[in-house]
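As a plain string of letters, each chain reads:
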Amino acid sequence: MSRTGSEGGSWIILDRPKPPAVDDATRYWRDPPPERSVACEYWARQIERGWLPNRRIGRMGYHVATEWFGVYIWEYLHVLYPMIEATRKTRTA
């Protein structure tokens, strides 16, 4: 089992197996992919369950974070990052 993140909240056990990363994170930079990658769907589920990235991941720039998550840049900027920020806001409210 693996657990990470949650920014001081309760630990979330990540689902296993973790899907493989996309082969080229920069393929979809400006435009959305025709469908979400398996990795994006995986991380969206983890965030919905309450997972948040730890401080180290949170400090990464979007390109490095995209590679850490294994998703396309567009997916990180338009799907995962907004979900993470919304979850953070609800926790501090």
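Structural data are supplied above this passage.
Let us look at the structure shown here. (Residues numbered from 1 in each chain as written. Predicted model: local features only at pLDDT ≥ 70, side-chain atom pairs only at ≥ 80, totals over all residues. Heavy atoms only, no water.)

Let's shift gears to the side chain of Gln46. Take Gln46: it is sitting in helix α1 (residues 38-48). Exposure remark for Gln46: the relative accessible area of 0% places this residue in the buried category. Once you skip the residues sitting within four places of it in the chain, Gln46 turns out to touch Ile13, Leu14, Asp15 and Trp51. (Helix = DSSP H or I, 4+ residues; strand = E, 2+ residues; numbered from the N terminus. Buried < 20%, exposed > 50% of the residue type's maximum accessible area, 1.4 Å probe, protein only. Contact = heavy atoms within 4.5 Å.)

Attention shifts here to α1. Every buried residue of α1 is listed here: Ala39, Cys40, Tyr42, Trp43, Ala44, Gln46 and Ile47. Residues of α1 that are buried make contact with β2 (12-13), α3 (62-69) and α4 (73-92). Looking one or two residues beyond α1, the residue adopting positive phi is Gly50, at roughly 115°.

Of all hydrophobic cores here, the largest spans 21 residues; its most connected members are Trp43, Trp51, Phe69, Val71 and Leu80. Listing elements by their share of this core, those giving two or more residues are α1, α3 and α4. (Core = buried A, V, L, I, M, F, W, Y, C linked by side-chain atoms within 4.5 Å.)

On to the pattern of salt bridges, then. This model, assessed by the stated rule, comprises four salt bridges. A salt bridge links Arg49 to Asp15; its shortest N-O distance comes to 3.4 Å. Of this pair, Arg49 sits in the loop between α1 and α2 (55-58) while Asp15 sits in the loop between β2 and α1, and the two are 34 residues apart along the sequence. On the basis of relative accessible area, Arg49 is assigned to the partly exposed category, the value being 40%. The class for Asp15 is partly exposed, based on a relative accessible area of 30%. (Salt bridge = Lys/Arg side-chain N within 4 Å of Asp/Glu carboxyl O.)

Note on aromatic pairs: each is described by the distance of the centres and the angle between the planes. Under the criterion given, the structure shown has eleven aromatic pairs. Ring geometry for Trp51 and Phe69: centres 6.0 Å apart, planes at 90°, overall edge-to-face. Here Trp51 is found in the loop between α1 and α2, whereas its partner Phe69 is found in helix α3, with 18 residues between them in sequence. Given a relative accessible area of 3%, Phe69 falls into the buried group. Through a chain of ring-to-ring contacts, three or more aromatic side chains come together here, namely Tyr42, Trp43, Trp51, Trp68, Phe69, Tyr76 and Tyr81. Taking the ring centre of Trp68 as reference, the NZ or CZ of Lys18 above it sits at 5.4 Å. (Phe/Tyr/Trp six-rings, centres within 6.5 Å; stacked < 30°, edge-to-face > 60°. Lys NZ or Arg CZ within 6 Å of the ring centre and 35° of its normal.)

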